[in-house]
Amino acid sequence: MPRTARRAQLLESALEVFVAQGYHAAAMDDIAEKAGVSKPVLYQHFPGKLDLYLALLDQSCDTIIHACNEALASTDDNKMRVTATMHVFYDYVSSAQGAFRLVFESDLTNESPVRERVDRVTRECAEAIAEVIHEDTGLPGEQSRLLAVSLVGMAQVSARFWLDTGHDISQEDAATLVAGLAWRGIRGYPRSDEQP
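Calculation criteria
Residues numbered from 1 in each chain as written. Predicted model: local features only at pLDDT ≥ 70, side-chain atom pairs only at ≥ 80, totals over all residues. Heavy atoms only, no water. Salt bridge = Lys/Arg side-chain N within 4 Å of Asp/Glu carboxyl O. Helix = DSSP H or I, 4+ residues; strand = E, 2+ residues; numbered from the N terminus. Buried < 20%, exposed > 50% of the residue type's maximum accessible area, 1.4 Å probe, protein only. UniProt positions renumbered as here; feature names shortened; annotations may be inferred. Disulfide = S-S within 2.5 Å.

- The name that an unreviewed UniProt entry assigns to the protein is TetR/AcrR family transcriptional regulator, with the source organism given as Nocardioides panacis.

**Topic: the pattern of salt bridges**
Thinking step 1. One pass over the structure, following the stated rule, counts nine salt bridges.
Thinking step 2. The shortest N-O distance in the salt bridge between Lys-39 and Asp-29 comes to 3.2 Å. Pair noted here: Lys-39 is in helix H3 (residues 39–45) and Asp-29 is in helix H2 (residues 28–35), with a separation of 10 residues, a long-range link.
Thinking step 3. Residue classification places Lys-39 among the partly exposed residues on the basis of a relative accessible area of 33%.
Thinking step 4. Between Arg-115 and Asp-119 there is a salt bridge whose closest N-O contact spans 3.0 Å.

**What about the UniProt feature "domain: HTH tetR-type" (unreviewed entry) in the protein?**
Thinking step 1. The feature "domain: HTH tetR-type" (unreviewed entry), as annotated in UniProt, sits at residues 4–64 in this numbering.
Thinking step 2. With 80% helix and 0% strand, residues 4–64 has end C-alpha atoms that lie 22 Å from one another.

**With respect to the state of the cysteines**
Thinking step 1. One pass over the structure, following the stated rule, counts zero disulfides.
Thinking step 2. Cys-61 carries a free sulfur, and the closest cysteine sulfur to it, the one in Cys-125, is 9.2 Å from it.
Thinking step 3. Overall, the relative accessible area of 0% leaves Cys-61 in the buried class.
Thinking step 4. In this model Cys-68 remains outside any disulfide bridge; the closest cysteine sulfur is found in Cys-125, 3.7 Å from its own.
Thinking step 5. Taking relative accessible area as the criterion, Cys-68 reaches 0% and is therefore assigned buried.

Put into structure tokens, the structure is as follows:
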């Protein structure tokens, strides 16, 4: 198997094991067995369990950041941008793989390299949103960033709450409901070309 394909296979197997067992309970033996490879093969690609976990975390963070950027670029209509971006977080937490648990519920958040990656999701998504807010409203950078972090926080916390409380509301309805709340707030900062 080509090296890149093997690496992808190992990451997929590791994701299943880490999501099911958590970092501390997961063993490299379990991951190698899940992937159908020997432990030496696993160690050829990842020198240790933390390296494997960080590679998975990077992959998961990249996924949500990329999806957030795509949602922002998908339209110039800010109401639709808010809705699209909110749906990104709800789609992410509801994915069958459970990768969001690595990012938002890691049992290693006190470890500096893990904390840096987890914070990167909030920071990079908020930076992209802040740029749109700043360009559209003319608000100073710090104010734009604070509003953006607030929107990202609303998306992350509400999506995880929705997932943990048994889905009495459909994913579509939940994301749309919270997007409506976010839009009602952020539209109080109109585009500079719409201001009197």
